[in-house]
Amino acid sequence: MRGSSKVMARRRLGRSRSSAGCTAGHGYVLVIAEKPKAARKIAEALSNSTRPKLCRLGKVPYWLVSWNGRLHVIASAAGHLFGLTTDERGFPVFSYYWAPLWRIDGSASYTKRFFEVLEKLAGRATVFINACDYDIEGSVIGYMIIKSLGDVKRAYRAKFSALTRQDIQRAFRRLEPLDWDMIEAGLARHELDWIWGVNVSRALMDSVSRVTGRRVVLSAGRVQSPTLIEAVTRDKEINLFVPLPSFAVNVTIALGDYKHTGRLAVYETRQDALKAAEKLRRARFLKVVSYREWRERLLPPYPFNLGDLQAEAARLFGYSPMFTQRVAEQLYLEGLISYPRTNSQKIPESVDVATIVRNLARISEYHNLVGYLLRATGGILRPRNGPKDDPAHPAIHPTGEVPSTPLTGAQKRIYDLIVRRFLASMAPPAILARAHARLAATGIGSLELSGLRILDHGWLRIYYFAAPKESQIPRLRVGDIVDVKRVSVRIAYSGPPEPYTKASLVKWMERVGIGTEATRARIVELLFERGYLASRGKRIEVTELGYAVAWVLARYFPQLTSVELTRYFEEHLEAIRARKTSRSAVIDEAKRLLSSILAEFKKGAMESVGMELAKALNIIKPRNTCIICQREATEAGLCRFHQEALQRLLQGYMEWRRRAGVDCLEFLQKMAQLSSAGRWVREVAAYFVKQGKCPFSAL
DNA sequence: GCAAGGTC
């Protein structure tokens, strides 16, 4: 085979280099970490005087240490090494089993070498310790390895939530039996996600192939589907948006050099606004009714968790959450930053911030910033911790390692962001001078003026990305009279909701509590891969297929359209953990529910759902097309979307007539033009403008 | 082939 001799040579070299002192013999304790980085930390923590002996099998490292007078071999997984799979086709499918991930998942081939090393090391071990992350998945990762390659009867759990010598040693002095309740809850999580996801995905795919004979990859799941529905709901509101008019009375004032134009009052109708404007022109002045100056402390930011980092990198550099995550993972593997897949905004005491800060000063870019930080704090370095926490990892922070090879542009930016955020979190607050004035015109409204100056930049010197915009207003006194230079009435339109971006959709997932740090960005990308979502610049749009899948789910699998299914899972997993119920009881209940809805789907919905999806996929052409677009016409010659847009236009027209006194065609022309009007709304309006007729004939 | 979850 191509290149095999080279590979073999490297393998031999790897073996021979590490073989001295690496033959552990029999009867050792095998410690299983979740990842190589953690294994190394554990090895270091358990070797009191001597350095742990680093060994390798192929590319996979493991360590030998003597702890408590016994040889401990510390090896590592690489996340899950086992996953659920089935040999059955079709649905419903409830017969699944655990298998090595490298056998069942083509993208997880890297797990094979970890699997093989653990297999080899487990064979000669007498005791097994699950030292994976102290969370539900860590319990499953270690358990599956010990169960498949070792012996659960000779196994223990080490529980530590920080990778520090102290915490690790404490955990190894107080080893506990395997945490069966956590394991059962974790196994149940895997099974529940599998039976829901695989069955409903197959129901969608099979209905398409039933109707068209084609195989198309479609999917649904506890996390991806509510996320799709959220994007659909927003996209629909934007596409159906009918802007409403309002009339603002704007006023220009001048005080010496200071000139300002602002909004005094807003009216629904033009007449009311014109009346107020006329009144104001006659009065010709505003009176200061309040004036206040004060100082404000702007507290430093929390150190980053992954979601905050992704949001900031999107805001500042336009990076997608997945891209930011990939770059952060590279920096982590280079040893430059701590573990990035964390929800924590806290830097615990166990992190030696003083040493990290001192080391950062050796990087020329940060030398002066560190100098400032040490002067400004008197050397007392305490990060401002945020409320969010993570069972297994602290907030993202630099390690203090100096980059050995030059960083790429994106790596440099992300690293810089992390370093500055970390340093800023320990810096003094910024001091702002603020001023606010209210200038009233009796019986009409008032003009608000706000001023802001930064008196002391504090942490903003370091994390300058968050600096507020400065503005000055004149110093006023209550009772002062200010001349009005100009009065105008301007029409304003209400605006649609903000379209989602990848970053804001990930933030939504975080806010409602679905997915994890490691999966949210990936699941958003998956919705693009499936063809449910598409990008238009930074904004997310839902495709025809996305709308069709959302419609099918809402009708036949409503459980998957809401984040409530995650809440339901969480409650039941917690009950398993508390031994109030059992895994089998929870799984049986899920199977019963799924059996019944899947059977009903199979009996009565395959054809219609297949047709619906096939039309969205453009495999089947609709019989009657909409008079405006290529979609199927459902009512009055219009498709579902344009029909709904027409309804919204009717409501909007009544409001426009009342507020602005327009007639039907004027209104439709306006709607066809306004860029804030939804796409479907504009299309319907343009159609009737072209026809020269008003669709609201009943009026 | 399909989930969501870990990590290279």
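Looking at an unreviewed UniProt entry, one finds chain A named DNA topoisomerase and attributed to Pyrodictium abyssi. Per UniProt, chain A carries the Catalytic activity (unreviewed entry) text "ATP-independent breakage of single-stranded DNA, followed by passage and rejoining." Its UniProt record, at the heading Sequence similarities (unreviewed entry), says of chain A: "Belongs to the type IA topoisomerase family."

One finds Leu 280, Leu 286, Leu 439, Leu 613 and Phe 667 to be the most contacted residues of the largest nonpolar core, which totals 118 residues. Top contributing element to this core by residue count: helix α7 (residues 180-212), with ten residues. In this structure, Leu 286 is in contact with Val 251, Ile 253, Leu 264, Leu 280, Leu 439, Ala 440, Ala 441, Leu 447, Asp 480, Ile 481, Val 482 and Val 484, ignoring residues within four places of it in sequence. Counting 48 residues, the second largest nonpolar core, distinct from the first, contains Leu 306, Ile 347, Met 426 and Leu 452.

UniProt annotation of "domain: Topo IA-type catalytic" (unreviewed entry) refers to residues 179-598 when read in the numbering used here. For residues 179-598, the end-to-end C-alpha separation is 35 Å, with 45% helix and 19% strand making up the annotated structure.

The complete set of buried residues in helix α6 (residues 165-173) reads Asp 167, Ile 168, Gln 169, Ala 171 and Phe 172. Summarising the contacts, the buried residues of α6 are in contact with β1 (28-33), α2 (36-46), β3 (60-67) and β7 (125-130).

For the rest of this paragraph, the subject is the layout of surface pockets. Reported here for the second largest pocket is a volume of approximately 760 Å³. As for the second largest pocket, its lining consists of 29 residues, of which Lys 41, Leu 163, Ser 338, His 397 and Thr 399 are closest to the centre. When the residues that make up the lining of the second largest pocket are grouped by side-chain class, the tally is eleven nonpolar, ten polar and eight charged. Structurally, the lining of the second largest pocket is a two-domain feature, drawing no fewer than three residues from each of domain 1 (4-178) and domain 4 (306-424).

Let us look at the protein's contact with DNA strand B. Around DNA strand B, a shell composed of 41 residues is seen, among which Pro 36, Tyr 110, Tyr 339, Thr 516 and Arg 522 lie nearest. Measuring from a phosphate oxygen of DNA strand B, one finds a backbone N or O atom of Gln 224 at 2.7 Å. Residue Tyr 339 places a side-chain N or O atom 2.2 Å away from a phosphate oxygen belonging to DNA strand B. Listed by contribution, the elements that provide at least two residues to the surface near DNA strand B are α7 and α16 (520-529). Among the elements that take part in the surface near DNA strand B, α7 stands out by supplying ten residues, more than any other. For the surface near DNA strand B, the class distribution of residues is 16 nonpolar, twelve polar and 13 charged.

Attention now moves to the sheet that holds strand β12 (residues 285-298). Ordered in space as β11-β10-β15-β12-β13-β14, the six strands form an open sheet in which the pairing is antiparallel. The outermost strands of the open sheet, each flanked by one partner alone, are β11 (258-267) and β14 (445-456). Adjacent strand axes in the sheet meet at a mean angle of 35°, parallel and antiparallel pairs treated alike. Direction of pairing for β12 relative to strand β13 (residues 430-441): antiparallel, over a ladder of eleven bridges. Within β13, the residue paired with Glu 296 across the bridge is Leu 432. Contacting β10 (245-255), β11, β12, β13 and β15 (481-493), helix α9 (residues 270-283) runs over the sheet at an angle of about 165° to β15.

It is worth spelling out the pairing of β10 at this point. With respect to burial, β10 is a largely interior element, nine of its eleven residues being buried. For β10 and β15, the ladder comprises nine bridges, and the chain directions are antiparallel. Its bridge partner lying in β15, Ile 253 is registered against Val 484. Inspection of the sheet shows β10 paired to β11 by nine bridges, in the antiparallel sense. Opposite Ala 254, over in β11, you have Lys 259 as the bridge partner.

Evaluated as defined, the whole model comprises 22 aromatic pairs. Considering the side-chain rings of Phe 641 and Trp 680, the 4.2 Å spacing of their centres and the 0° angle between planes classify their relative orientation as stacked. Highlighted residues: Phe 641 in helix α21 (residues 640-660) and Trp 680 in helix α23 (residues 679-691), separated in sequence by 39 residues. Pair check on accessibility: Phe 641 and Trp 680 agree, each one buried. Site record: aromatic cluster; members linked through ring pairs are Tyr 493, Tyr 653, Trp 656, Phe 667 and Phe 696. Sitting over the face of the ring of Tyr 463, Arg 421 holds its NZ or CZ atom 5.2 Å from the ring centroid. A cation sits over an aromatic face here: Lys 502 above Phe 528, 4.7 Å from the ring centre.

With respect to the element layout, Asp 308 can be found in helix α10 (residues 306-317). Separated by 2.8 Å, the side chains of Asp 308 and Lys 507 make a polar contact.

This model, assessed by the stated rule, comprises two cavities of 30 Å³ or more. Looking at the largest cavity, its volume works out to about 60 Å³. As for the largest cavity, its lining consists of Asp 133, Tyr 134, Phe 160, Ser 161, Ala 162, Leu 163, Ala 392 and His 393. Residues belonging to the lining of the largest cavity are distributed by class as follows: five nonpolar, two polar and one charged. In this structure, the second largest cavity occupies an estimated 40 Å³ of space. Considering the residues around the second largest cavity, the lining is formed by Ala 231, Arg 234, Asp 235, Ile 238, Pro 499, Tyr 500, Ile 540, Glu 541 and Val 542. Within the residue set of the lining of the second largest cavity, elements represented by two or more residues are α8 (224-239) and β17 (539-542). At four residues, α8 tops the list of elements feeding residues into the lining of the second largest cavity. Grouping the constituent residues of the lining of the second largest cavity by class yields six nonpolar, no polar and three charged.

A word on the packing of helix α5 (residues 136-149) against α7. As a packed pair, α5 and α7 sit with axes 8 Å apart at the nearest point and diverge in direction by 95°. One finds that α5 runs roughly perpendicular with respect to α7. Side by side, α5 and α7 meet where Ile 136, Glu 137, Ser 139, Val 140, Tyr 143 and Met 144 of the first sit next to Trp 180, Met 182, Ile 183, Ala 185, Gly 186, Leu 187, Arg 189 and His 190 of the second. In the contact of α5 with α7, the residues fall into nine nonpolar, three polar and two charged.

For the rest of this paragraph, the subject is the environment of Phe 114. Inspection of the secondary structure assignment puts Phe 114 in helix α4 (residues 111-123). Residue classification places Phe 114 among the buried positions, given a relative accessible area of 8%. Sequence spacing of Phe 114 and Lys 59 is 55 residues, and the spatial spacing of their C-alpha atoms is 9.0 Å. Excluding its chain neighbours within four sequence positions, the residues that come into contact with Phe 114 are Pro 36, Val 60, Ser 76, Ala 77, Ala 78 and Leu 81.

Criteria and cut-off values
Residues numbered from 1 in each chain as written. Chains lettered and ligands numbered in written order. Predicted model: local features only at pLDDT ≥ 70, side-chain atom pairs only at ≥ 80, totals over all residues. Heavy atoms only, no water. UniProt positions renumbered as here; feature names shortened; annotations may be inferred. Core = buried A, V, L, I, M, F, W, Y, C linked by side-chain atoms within 4.5 Å. Buried < 20%, exposed > 50% of the residue type's maximum accessible area, 1.4 Å probe, protein only. Helix = DSSP H or I, 4+ residues; strand = E, 2+ residues; numbered from the N terminus. Contact = heavy atoms within 4.5 Å. 1 Å grid on protein atoms, 1.4 Å probe; cavity = no way out; pocket = protein on both sides within 12 Å on 5 of 7 lines; lining within 4 Å. Points joined across faces, edges and corners; volume = space filled by probe spheres on them. Nonpolar A, V, L, I, M, F, W, Y, C, P; charged D, E, K, R; others polar. Domains from an automatic or database assignment. Near = heavy atom within 4 Å. Polar contact = N/O pair within 3.5 Å; in protein donor to acceptor, adjacent residues only side chain to side chain. Pairing = 2+ DSSP bridges. Axes fitted to C-alpha atoms, helices over the stretch in contact; angles between N-to-C directions. Phe/Tyr/Trp six-rings, centres within 6.5 Å; stacked < 30°, edge-to-face > 60°. Lys NZ or Arg CZ within 6 Å of the ring centre and 35° of its normal. Parallel < 35°, antiparallel > 145°, perpendicular 65-115°, else oblique.

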